[in-house]
Amino acid sequence: MNFGYANVFRCVIFIFCFGYVQNRRKIKSNNYVDFKDPNSDVYLNSLQLISKYGYTPEVQTVITRDGYLVNAYRIPNSGPPVLLVHGIGDSSDSWLVLGPSRSLAYQLSDLGYDVWIYNARGNKYSQGHIKNLRQKQYWNFTFEEMGTEDLPALIDHILLITSQKQLSYIGFSQGTTNFLIMCSMRPEYNEKIKTAILLAPVAWISNIKYPFIDILATNINLLQSFFNGIGVYDLFSDNVLINLYHAKVCQDGVRAHILCMLEFYISYGIKNIKNLYPEKLPVLASHIPAGVSTKTFIHYFQAYRSKRFQRFDYGSKTNQLVYTSPVPPTYNLSLVTAPLFVFNSDSDWFSTTVDVKNLINKLPNIVKYVNFNESLDFTHLEFVYGARVNSFVNDEIKKILDNRL
Ligand SMILES: *[C@@H]1O[C@H](CO)[C@@H](O)[C@H](O)[C@H]1NC(C)=O
Ligand SMILES: *[C@@H]1O[C@H](CO)[C@@H](O)[C@H](O)[C@H]1NC(C)=O
Ligand SMILES: *[C@@H]1O[C@H](CO)[C@@H](O)[C@H](O)[C@H]1NC(C)=O
């Protein structure tokens, strides 16, 4: 996860530093990226990345009950279906940008799995709606609708296309929030899940260590009316210039690398930038963020402040109308009966060990819980973007799917 102040920080840095970075290109760098090459990974979207590395992607679009067009990318294969679900403000890119040697999508495809990669409503790849809605209506969703609408529609579609009864689910961060809400609010989907692997789960988040969380959370009402007032309903949308800026400062060895390091530290708590696979850092940095509704962020801030994993809080009067209760109902996790594997790390600012332990106490069907200790310094983003992602995460996932763990 990544919050509002980080975006302000990004813009300021961007304005002041882009020119500087441009001028400093000559400084020795490891030059993993050739910016003149239009086929450099920095410029490629998910479909282009998949094709470039010799896989054949398909676009699969589902229409949700509430009319959103959700795009999933598929790398078809004859094996069992696996669904990959990204984190907040991210996209299918997260399972692809490290390339075949480190990104999970390719690795699962190599093993014969039928790989499906979700794109949440509102991100750069899933922007459609069957009606021509006003912005204010279109962006009126949080991580809840991704769980209650997008994922069930997509899962039904996958099971129909593949003639399977079940699939395996792999979610990171917000992708775990989506999953827990789906299984709680639409419990009939539990039986469609063979195994779910939750990486850095996010549900109860009152122990988040993000340094700006208190400032943001105590001002959520202000933030919300500010965004509504200026007609901003989405954040962190895909921006070519910012992407390019990120790609440039995140090259290993450039002098402006400090800007990349600072931003990743301030936004995600990464002290050692080398823990993100350095060779692909410009590529991953140019692919995040990918867009999300402001309401999604507000919903997370509410969860932090209320210390409850609960539905969106509209204020007691509207809550009464929407939920017939002045307080938003909590998500009932005893209904999440699908078999779960949970991974978390002590060094994660967002999915903290205290919160995760609280969560797993409420979940009835934990098959295995894996914790990475503090001395490993394994931070949030490393579950998908880490230099150590193969040994810590991907290899374990392969064993789980193969019934060896
Ligand atoms: C957003 O959704 C809520 C709950 O479904 C509803 O009460 C509200 O009127 C909606 N707002 C807009 C602007 O569509
Ligand atoms: C949660 O679901 C369980 C299982 O159906 C049920 O027994 C329990 O009463 C529910 N809790 C609440 C607060 O609704
Ligand atoms: C942390 O975990 C690693 C890997 O499992 C282990 O080698 C190390 O001894 C652990 N350190 C502590 C302080 O428990």
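Quick summary incoming for the structure in this document. Throughout this description, residue numbers start from 1 for each chain and increase along the sequence as written. Note on labels: chains are lettered from A, ligands numbered from 1, in written order. Local features in a predicted model are, by the rule used here, given only for residues with pLDDT of at least 70; side-chain atom pairs are given and counted only at 80 or more, and totals for whole chains, interfaces and linings are based on all residues. By convention in this description, side-chain values take in all heavy atoms of the structure and omit both hydrogens and water.

### Points about the site of ligand 3
- In the vicinity of ligand 3, the residues found are Asn373, Ser375 and Leu376.
- Side-chain atoms alone can form a polar contact between residues adjacent in sequence; in general such a contact is a pair of N or O atoms within 3.5 Å, and within protein one must be able to donate a hydrogen while the other accepts it. Here a nitrogen atom of ligand 3 and a side-chain polar atom of serine 375 are 3.4 Å apart.
- Each accessible area is a Shrake-Rupley result for a 1.4 Å probe, and residues are judged covered by the shown protein chains and nothing else. Protein chains bury 26% of the 370 Å² of accessible surface belonging to ligand 3 in isolation. Any residue with a non-hydrogen atom lying within 4 Å of a molecule or strand is treated as near it.

### A short note on the environment of aspartate 214
- Helix numbering and strand numbering both begin at the N terminus, where a helix is a DSSP run of H or I of at least 4 residues and a strand a DSSP run of E of at least 2. As for its position among the elements, aspartate 214 is in helix α7 (residues 213-218).
- Here aspartate 214 falls in the partly exposed class, since its relative accessible area comes to 45%. Relative accessible area decides the class of each residue, using a 1.4 Å probe on protein chains only: under 20% of the type maximum gives buried, over 50% gives exposed, and in between gives partly exposed.

### Some thoughts on the site of ligand 2
- Inspection of the region around ligand 2 gives Asn332, Ser334 and Leu335 as its neighbouring residues.
- Residue asparagine 332 places a side-chain N or O atom 2.3 Å away from an oxygen atom belonging to ligand 2.
- With respect to ligand 2, the side chain of serine 334 contributes an N or O atom lying 3.2 Å from an oxygen atom.
- Relative to its unbound accessible area of 360 Å², ligand 2 is 25% covered by the protein chains.

### Considering the side chain of glutamate 145
- Within the secondary structure layout, glutamate 145 lies in helix α5 (residues 143-162).
- Although buried, glutamate 145 forms no salt bridge, and the nearest oppositely charged side chain, lysine 295, lies 5.0 Å from it.
- Not counting residues up to four positions away in its chain, the partners in contact with glutamate 145 are Asp66, Arg121 and Asp150. Here the positive residues are Lys and Arg and the negative ones are Asp and Glu; neither His nor the chain ends is included. What counts as a salt bridge is simple: a side-chain nitrogen of Lys or Arg found within 4 Å of a carboxyl oxygen of Asp or Glu. Any two residues having at least one pair of non-hydrogen atoms within 4.5 Å are treated as being in contact.

### Examining the pattern of salt bridges
- Inspection of every chain in the model, using the stated rule, returns 14 salt bridges.
- Linking aspartate 150 and arginine 121 is a salt bridge whose minimum nitrogen-to-oxygen distance equals 2.7 Å. Here aspartate 150 is found in helix α5, whereas its partner arginine 121 is found in the loop between β4 (114-118) and β5 (128-129), with 29 residues between them in sequence.
- With a relative accessible area of 0%, aspartate 150 lands in the buried category.
- According to the relative accessible area criterion, arginine 121 is buried, its value standing at 2%.
- For aspartate 395, the salt bridge identified is with lysine 398, shortest N-O distance 3.6 Å. With aspartate 395 and lysine 398 both in helix α16 (residues 389-401), this residue pair falls 3 residues apart, about one helical turn.
- A relative accessible area of 31% means that aspartate 395 is categorised as partly exposed.

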